Every structure is written in C-alpha cells, then in structure tokens.
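The chain contents come next:
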Amino acid sequence: MTGLGLLSALPEKLFAFEKDNIENISDVPPKQTDSPRIKFSVIGINHAHINSQVDSVIRGGGALVAVYAKEPDLLAGFTKRYPQVKIAASEKEILEDKSIQLILSAAIPVDRAGIGIRAMQHGKDYMVDKPGIITLEQLKEVRRVQKQTGRIYSIMYSERFENKATVKAGDLIKQGAIGNVIQTIGLGPHKMNINTRPQWFFDRKYFGGIITDIGSHQFDQFLFFTNSDKAEIISSQVGNVAHPQYPGFEDFGDIMLRGNGGAGYIRVDWFTPDGLKTWGDGRLTILGTEGYIEIRKNIDIAGRDGANHLFLTNRKDTQYIHCNDVDLPYGRQLVDDIINRTETAMTQHHCFLATELALKAQKNAQKINFNKA
C-alpha cells in the first residue's frame, strides 16, 4: 500500500505543516489580477513551499481558484493568506473542473507523483514542490504519462527559481562573465527545528532520503549552470551521523558527478546551528575558465544584511552584487508555457534528469558510519 491509502491509516500529526525554508516569502501575497491569463488550483499543502509556488503563479498572471487538503488547520492558514480561494470538497472536484489549467501541490512527498499523474490524465499541467518524485518507479510512470498526455510536469526547484542571486548568476554567465563553466559546488545546509517537524519528515519512505529531497535542488543547478543534458554519478554517500533517535532519517550526504558540460560536487546536511539567523547558509560556487561566482543565498554571515548576495571575480575585477531587485521569471515563464505549449521555464528533459540523478545517487549511495569501534 502506498500514497493516500497508506497515509490515511497514520496519526494526524503526520500531516503537519513542514516549515523549512520560508523566511524569504513575503507576508503579503501578490495581488491577483482581474484579467487572469490562466486559472489554477492546489491539491496538498503539507509544506510551506506552497506559498512561494502560489505567489509565483499569481505574479505570472494566474488566478487561484480552489484548494483541497485533508487538514483543517493547514486549510485555515492557507485561506487566511489567500482569502479568495474556494475550499474544494475533494481532489476529484478540482481535477474535473474544466476551467482549471494548472494544479499545484506541496503534499507529503510520497504522494506528489500520484497527484501529478492524475492531474495530467485530467488534461491539466502540474507544478510541484521538490522532491516532485521520490522513487525511480514513480519517475518511470510519471515520464510515461507525461509523454502520453503532452502535459507539463514542472518541479519547482526553488533554490534556483526563487533565489534572486541565483537568477542573476544565470544572466551573468549567459553574458560570458566567467567564460565557460567548468564546475559547480552546491552546498545545501539546513536547520533541523526538530520540534516543528511532522512525523513523516523523519521517515525516508515518505520523503525519499536526503539526496532525493534537498539534493534535487543542487542537481538542477548543476545541470543548468554547466549546460549539461547528460550526466553520471561518480560517487555518493549518505548517513545518519548524529540523530540515532530517528533511525529512518538521514542528516548528511554528498555527491560527485560529471556532465557533458562540466563537473559538480554537492553537499547536503541538517547541521545548520540554531545560532544562524536563517534556515541554512546555502552557497553555490560556479567556476569558469575566466573567473568564478559565489552566491550566498540566504545570509552573508557576519557580513552584509539580508539575502541574495553574489560575488563575481573575473579578469577585469572583483565585485559584489546585491540582487534584491532582480526579477524572478519562473512563474511568468511557466504560465507562458501553459498557454503557448513551449518550454521556456524549464525543459521537461531537464526537469526529469535532475530528479533522475538525485534518485540514482540516493539509491546507490554508500552508507556512512563514523563509529570507531
């Protein structure tokens, strides 16, 4: 038994809201246009990333119509933020509404692929929080249905799409600021916040493992910045090195990989200390033939205030660029793609390849054991 059937038998606390990585979301959502370009709805709101997903599509010209979720407490918070939304009585009500063009989801990760499959089978495009797929078996079925239906299955890799410094780095690299990219080093540290976590957070069968979950961001960025459309895992390792009370959990992982456009190293962990004033000191270093870029996504520790810090060093000079005013185009581009049946936000090949690499690295990872005995 998997998906909703499995989850229906589990304690209510399992469905709690996952609050990681939400500091950069505005308290006030964008204003919905009176002349929307598309209409969209939401199925599953178990992670706070749903707020940035909805905001992104609203900024792109979409109108939020309805939401379905099993949890009254989560619905209360969601409808307070988006008072215009209608609460649907069932998933079926949303799927069979022919006026809806796009479904968003931040359900418990094990359920996300199934929701997407049903959305595509009902003629709708789909945008899902990462990890959008947590097993290779799910990926195979999602690919089959996506090819069969021709619908869009978009995973919102928010560390790129929703981080202004990372968007700016992409523009600079297109302009030739550091020459040809040779390597990316992606660091994805996160803060545990144990007391706020739902039960599913600590059980790998619901979130897929640390590489599948957090690492999916880093694979997306590696493919994007190295301009790779093929890649292989050189090595990967995972472990639970400091949380034995949660035997189904992983708190550390790293990966070496190689694509047809560059090399990459990824490290992900749950060891951001409570003393840091953000959920994680996420960093990305992009090495080029004529310079390099370092992005400090969320904080410049003991340095400049705020987030979105970019440092550029090349043959001309060294400069700091604060990126708070950079436009985030993903939501607008996705709405364009829904209307025009194009791939400007992200190609389907890229979306699935980033996930495939994460899943393979997770499946084949060596287990870390630091016990000296």
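For the structure itself, look to the data block above.
Conventions we followed
Residues numbered from 1 in each chain as written. Predicted model: local features only at pLDDT ≥ 70, side-chain atom pairs only at ≥ 80, totals over all residues. Heavy atoms only, no water. Salt bridge = Lys/Arg side-chain N within 4 Å of Asp/Glu carboxyl O. Buried < 20%, exposed > 50% of the residue type's maximum accessible area, 1.4 Å probe, protein only. Axes fitted to C-alpha atoms, helices over the stretch in contact; angles between N-to-C directions. Helix = DSSP H or I, 4+ residues; strand = E, 2+ residues; numbered from the N terminus. Parallel < 35°, antiparallel > 145°, perpendicular 65-115°, else oblique. Left-handed = near helix turned anticlockwise from the far one by under 90°. Contact = heavy atoms within 4.5 Å.

A. The arrangement of the pattern of salt bridges in detail. All chains considered together, the criterion is met by 24 salt bridges. Ionic pairing is found between Lys 205 and Asp 203, a salt bridge with its closest N-O pair at 2.7 Å. Overall, Asp 203 belongs to the partly exposed group, its relative accessible area being 22%. One salt bridge in this structure joins Asp 300 and Arg 304, with 3.5 Å as the shortest N-O distance. Salt bridges here are not isolated pairs; linked through shared partners, they connect Asp 281, Arg 283, Glu 294, Arg 296, Asp 300 and Arg 304.

B. Up close: the packing of helix α6 (residues 136–149) against helix α13 (residues 348–363). Viewed as axis vectors pointing N to C, α6 and α13 meet at an angle of 165 degrees, and their least axial separation amounts to 10 Å. Taken together, the axes of α6 and α13 are roughly antiparallel relative to one another. Crossing angle aside, the handedness with which α6 passes α13 is left-handed. Note on element contacts: α13 touches α6 through Gln 348, Phe 352, Leu 353, Thr 355, Glu 356, Leu 359, Lys 360 and Lys 363, opposite Leu 136, Leu 139, Val 142, Arg 143 and Gln 146.

C. Local environment of the environment of Leu 139. Within the secondary structure, Leu 139 is located in helix α6. Judged by its relative accessible area of 2%, Leu 139 is buried. Excluding anything up to four places from it in sequence, Leu 139 contacts Ile 133, Phe 352, Thr 355, Glu 356 and Leu 359.

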